[in-house]
Amino acid sequence: MLSEQKIRALVLQRQFIHSPWTEGLSGLLEHLGALQLDAIQRITRAHHHQLFNRLPHYREVHLAEAEQRREIFEYWSHAAAYLPMAHYRYARVRMERIRAGQRHWYEKNAKLCRYVLDRVCSEGPLRASDFVRTKSGWWAWSDEKKALEQLFHEGELMVSHREGFQKVFDLPERILPAKLPTSAASELDYGCHLVRTFLGCQGIGRAEEIAYLRREDKPLIQRAVEAMLASGELSPLGKELILTEQLEQGPARVSRKVRLLSPFDPLILQRKRLRRLFEFEYQLECYVPAAKRRYGYFCLPILYADRFVGLVDLKADREVGVLRIESLHWTEKPGTSLEASFHRALGQFARFHGLESKARLTA
């Protein structure tokens, strides 16, 4: 058995929070399995924040460049995400299910799907706004937008890139690299892939955590776990699972520095897991009515070494070029070392956004 301290060290080591990833952006996505997208831009979008914490010298343009080189692509994982192009065959499993009738959000309008697909075929890459809108508003999607999304989830269309935050759709044959394997993985192969990827980047975990937001995948994940335990690729660790090779390696020592994490960071995305492993309660309160918020609209968890020590609500005030601290809450009284590391982290985070390096506490 590993001690709680060693388990935390292993999780942090596999997440590359304190030790930077040095093998490139696409390599990092292969390790993480997915990079969750989010539309909220209170500071920066979640996918950029996650990369900033793991890649030395990361800039937002680097993600677009990796997409242009077709090293990564956009699809659905546990949520909307960027995925490594090398994992395309695993995404095909879900695409085939959607084609076979599994519903995503809306009932399929086959006639409208044919219409929008024909236009993309003949005209080239198109956005939803290039079609006649039958409705308006962010949440009231047009029928054409629904058709584009249906074809996207079926794999008949892919996202070429985004303009602003609007998807630009094109045909897969115009996007996929020529020698890329495109046949769907088998169900068992896909299940083993999900198990390996989760435990490879999270250190330890449970079957229900591997299946987080993957209701349709629960049975195949369980079959994969049983097969991998039988082969010795997986080892039980109390109630946890671990890749046997990681059990033999042992975790490195945890660095004593602060990291400000995105609410959608894979380290903290599963709140029950966060509570179990790090004894930290966290809720993203931007979805909570203002009168009921305890800490702030968009609080970022403050990680120091191997423990979470507080929450800071930050806002990028681009008009005056300042990163503002709207509120700051410590779970323990900060000592000199913690305070110094916190202010260094704030300065680095502000500079990443092109803002004044000294964050200002809002009165």
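Above this text is the structure in question.
Remember, it's a predicted structure, so these values are computed and weren't measured experimentally. (Residues numbered from 1 in each chain as written. Predicted model: local features only at pLDDT ≥ 70, side-chain atom pairs only at ≥ 80, totals over all residues. Heavy atoms only, no water.)

Regarding helix 13 (residues 336-352)
An α-helix turns once every 3.6 residues. As a result, residues three or four positions apart point the same way. Taking 1.5 Å of rise per residue, the 17 residues of helix 13 would be expected to cover 24 Å, and the 25 Å separating its terminal C-alpha atoms lies within 8% of that figure. With its phi angle positive at about 70°, Gly-354 sits one or two positions after the end of helix 13. (Helix = DSSP H or I, 4+ residues; strand = E, 2+ residues; numbered from the N terminus. Expected span 1.5 Å × (residues − 1).)

Overview of the side chain of His-49
If you trace the backbone, His-49 turns up in helix 3 (residues 46-52). Residue His-49 is classed as buried on the basis of its relative accessible area, which comes to 3%. For His-49, the contacting residues outside a window of four places in its chain are Thr-44, Leu-260, Leu-261, Ser-262, Leu-300 and Phe-349. (Buried < 20%, exposed > 50% of the residue type's maximum accessible area, 1.4 Å probe, protein only. Contact = heavy atoms within 4.5 Å.)

Comments concerning the environment of Pro-334
Take Pro-334: it is sitting in the loop between strand 12 (322-330) and helix 13. For the pair Pro-334 and Gly-310, spaced 24 residues apart in the sequence, the C-alpha separation amounts to 9.5 Å.

Description of the pattern of salt bridges
If charged atoms from side chains of opposite charge come close, those side chains can pair. Taken as a whole, this structure holds 28 salt bridges when the rule is applied. Here Arg-276 ties to Glu-240 by a salt bridge, and the two come within 2.4 Å at their closest N and O atoms. Here Arg-276, found in helix 12 (residues 271-278), pairs with Glu-240, found in strand 8 (residues 240-243); they are 36 residues apart in sequence, far enough to count as distant. Among the residues examined, Arg-276 registers a relative accessible area of 27% and is labelled partly exposed. Judged by its relative accessible area of 9%, Glu-240 falls in the buried class. Put simply, Glu-281 and Arg-275 hold a salt bridge, and the shortest N to O gap is 2.7 Å. According to the relative accessible area criterion, Arg-275 is partly exposed, its value standing at 37%. A single network of salt bridges, built from pairs that share partners, joins Arg-206, Glu-209, Glu-240, Arg-273 and Arg-276. (Salt bridge = Lys/Arg side-chain N within 4 Å of Asp/Glu carboxyl O.)

Section: the nonpolar core
Nonpolar side chains tend to gather and get buried jointly when the protein is soluble and globular. Ranked by size, the top nonpolar core spans 68 residues in total, and within it Leu-25, Leu-51, Leu-260, Leu-267, Phe-278, Phe-308 and Leu-314 carry the most contacts. Ranked by residues supplied to this core, first place goes to helix 13 with seven residues. With residues up to four places along the chain from it excluded, the contact list for Leu-314 reads Arg-42, Ile-43, Leu-260, Phe-298, Leu-300, Leu-323, Arg-324, Ile-325, Leu-346 and Phe-349. Listed in part, the 29 residues of the second largest apolar core include Ala-34, Leu-112, Val-120 and Val-159. (Core = buried A, V, L, I, M, F, W, Y, C linked by side-chain atoms within 4.5 Å.)

Overview of the packing of helix 1 (residues 4-15) against helix 8 (residues 187-202)
Interaxial distance between helix 1 and helix 8 falls to 6 Å at its minimum, and their mutual angle equals 110°. Taken as axis vectors, helix 1 and helix 8 run roughly perpendicular relative to one another. Between helix 1 and helix 8, the residues in contact are Val-11, Arg-14 and Gln-15 and Gly-200, Cys-201 and Gln-202, respectively. Tallied by class, the residues present in the contact of helix 1 with helix 8 amount to two nonpolar, three polar and one charged. (Axes fitted to C-alpha atoms, helices over the stretch in contact; angles between N-to-C directions. Parallel < 35°, antiparallel > 145°, perpendicular 65-115°, else oblique. Nonpolar A, V, L, I, M, F, W, Y, C, P; charged D, E, K, R; others polar.)

Re the sheet that holds strand 7 (residues 234-237)
Taking strand neighbours across the sheet as the criterion, the three strands line up as 6-8-7 in an open arrangement whose pairing is antiparallel. At either margin of the open sheet sits one strand with a lone partner, and together these are strand 6 (204-205) and strand 7. Where strand 7 and strand 8 come together, four bridges link them in antiparallel fashion. Along strand 8, the bridge assignment pairs Leu-237 with Glu-240. (Pairing = 2+ DSSP bridges.)

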